[in-house]
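Observations on chain architecture
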Amino acid sequence: MTSWIYPVVVHWTWGYGWLSGGAEYSINSTGFMDFAGSGIVHMTGGVAALVGAAIVGPRKNRFVGEENFDPHNLPMVILGTFILWFGWYG
């Protein structure tokens, strides 16, 4: 992916590709606006993850034994939630 897909998509937006805008490029006059490259990086990764999940498919026996879906250690679930929350906002 990093050798083939990512360079092509990056060239479309950061280089002189069809999404970069300007007089020579006909998508619009402004072009693709990206703050520090995060839009194109996360879009490429998200689409790759979606395609990978579609290829792999759902887990087998996913809903067998539904009574075992309870959290096993509630304090660790809460601690993990707070760590993720702090990392997101911190």
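Residues numbered from 1 in each chain as written. Predicted model: local features only at pLDDT ≥ 70, side-chain atom pairs only at ≥ 80, totals over all residues. Heavy atoms only, no water.

It is worth spelling out the overall build of the protein chain at this point. Helix and strand content of the protein chain: three helices and zero strands. The linear arrangement of helices and strands in the protein chain, starting from the amino end, is α-α-α. Burial status across the protein chain gives 12% buried among its 90 residues. A fraction of 29% describes how many contacts in the protein chain between residues 6 or more apart in sequence connect residues 24 or more apart. (Helix = DSSP H or I, 4+ residues; strand = E, 2+ residues; numbered from the N terminus. Buried < 20%, exposed > 50% of the residue type's maximum accessible area, 1.4 Å probe, protein only. Contact = heavy atoms within 4.5 Å.)

What follows deals with the packing of aromatic side chains. Scanning all chains against the criterion turns up two aromatic pairs. Where F82 meets W85, the ring centres are 6.2 Å apart and the plane angle is 65°; that geometry is what we call edge-to-face. Here the residue F82 and the residue W85 both occupy positions in helix α3 (residues 74-89), the gap between them amounting to three residues, near one helical turn. Both rings, one in W85 and one in Y89, keep their centres 5.9 Å apart while their planes meet at 75°; by these two values the pair is edge-to-face. Here W85 and its partner Y89 are both found in helix α3, four residues apart, which amounts to about one turn of the helix. Residue Y89 is classed as exposed on the basis of its relative accessible area, which comes to 61%. (Phe/Tyr/Trp six-rings, centres within 6.5 Å; stacked < 30°, edge-to-face > 60°.)

For the protein chain, per-residue confidence averages 81 on the pLDDT scale, and residues scoring 70 or more make up 81% of the total. Between the elements of the protein chain, mean pLDDT differs from a low of 85, seen in helix α1 (residues 5-13), to a high of 92, seen in helix α2 (residues 38-56). (pLDDT = per-residue confidence, 0-100.)

So, on to the environment of F32. Within the secondary structure, F32 is located in the loop between α1 and α2. Using a relative accessible area of 34% as the deciding quantity, one classes F32 as partly exposed. It is 9.2 Å that separates the C-alpha atoms of F32 and W12, two residues lying 20 residues apart in sequence. Setting aside residues up to four positions removed in sequence, F32 forms contacts with T13, L19 and S20.

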